[in-house]
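# Notes for the structure review
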Amino acid sequence: MVNEFKEFIARGNVIDLAVGVIIGGAFGGIVRSLTDDIIMPVVGAVFGGFDFSNYFYPLAPGVTATTLAQAREQGAVLAYGNFITVVLNFLILAWIIFLMVKGVNRLRRRQAETPAEPAAPPQDVQLLTEIRDLLATRN
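Computed from a predicted model, the values in this text were never measured in an experiment.

Moving on, we come to the overall build of the protein. For the protein, the count of helices and strands is five helices and two strands. If you list the helices and strands of the protein from N to C, you get α-α-β-α-β-α-α. The C-alpha atoms of the protein give 31 Å as radius of gyration, which overshoots the globular expectation for 139 residues (14 Å, by more than 25%). Counting only C-alpha atoms and orienting by the principal axes, one finds that the protein spans roughly 110 × 50 × 20 Å. A burial count over the protein gives 12% of its 139 residues as buried. Contacts in the protein between residues far apart in sequence, at least 24 positions, make up 39% of those at least 6 positions apart. As displayed, the protein offers around 11400 Å² of accessible surface, 66% of which is attributable to carbon and sulfur atoms.

On inspection of all chains with the given rule, the structure shows two aromatic pairs. With 5.5 Å between their ring centres and 35 degrees between their planes, Trp 95 and Phe 98 make a pair best called tilted. Here the residue Trp 95 and the residue Phe 98 both occupy positions in helix α4 (residues 80-113), the gap between them amounting to three residues, near one helical turn. A relative accessible area of 52% places Trp 95 in the exposed class. The exposure class assigned to Phe 98 is partly exposed, which follows from its relative accessible area of 43%.

Another point: the pattern of salt bridges. As enumerated under the stated definition, the model contains one salt bridge in all. Close ionic contact of Arg 132 with Asp 133 constitutes a salt bridge, the shortest N to O distance being 3.1 Å. The class of Arg 132 is exposed, set by a relative accessible area of 54%.

An ideal rise of 1.5 Å per residue puts 22 Å on 16 residues; helix α5 (residues 123-138) measures up with 23 Å between its terminal C-alpha atoms. Taking burial as the measure, the 16 residues of α5 include zero buried ones, a minor fraction of the element.

Positionally, Val 46 belongs in helix α2 (residues 12-46). You can call Val 46 exposed: its relative accessible area is 61%. Separated by 50 residues in the primary sequence, Val 46 and Ile 96 have C-alpha atoms spaced 23 Å apart.

So, how was this worked out
- In this numbering scheme, every chain counts its residues from 1 along its sequence in written order.
- Under the rules for a predicted model, residues below a pLDDT of 70 receive no local features and side-chain atom pairs below 80 are neither given nor counted, while totals for whole chains, interfaces and linings still include all residues.
- The basis for the side-chain values is all heavy atoms of the structure; hydrogens and waters are excluded.
- Each helix corresponds to a stretch of at least 4 residues labelled H or I by DSSP, and each strand to a stretch of at least 2 residues labelled E; elements are numbered beginning at the N terminus.
- We take the radius of gyration over the C-alpha atoms and set the globule estimate at 2.2 Å times the residue count to the 0.38 power.
- We call a residue buried when its accessible area falls under 20% of the maximum for its residue type, exposed when it is over 50%, and partly exposed in between, using a 1.4 Å probe and counting protein chains only.
- Whether two residues are in contact is decided by their heavy atoms, any of which lying within 4.5 Å being enough.
- We get accessible surface area from the Shrake-Rupley algorithm with a probe of 1.4 Å; when it comes to residues, only the shown protein chains can shield them.
- Within 6.5 Å between ring centres, the rings of Phe, Tyr and Trp (the latter by its six-membered ring) count as paired, and their orientation is classed by plane angle as stacked under 30 degrees, edge-to-face over 60, tilted in between.
- Think of a salt bridge as a Lys or Arg side-chain nitrogen and an Asp or Glu carboxyl oxygen that are within 4 Å of each other.
- In a helix, the anticipated span is given by 1.5 Å times the number of residues less one.

Below is the structure:
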């Protein structure tokens, strides 16, 4: 069982998946910062200073707070602004990944379009060609 586990872990696919998950997590943090720190403040400034993160609907009668954090302390709330922010994060992340995949596909097409150097003929064919050429020069 230990040998099977070692063989499983040593496969390239498992290691590639692990690297992808780690990089994906870090990339998610970058996109979250891009959305929260750069895009949402600009959207808020353009559309009059609103902030999606504090949009909520109180579900409990005692909720009177104006910010989501305070409202959650007072009772149950439906935080639809937070959901909008998460959806925007997803759309931005999906767009960035789309652009990356599109770029990689473009590079692959370019590599496929460049003609490959013709493969050298096998050694026996080269030897026979040399013999033929030598015989042709003797006559």
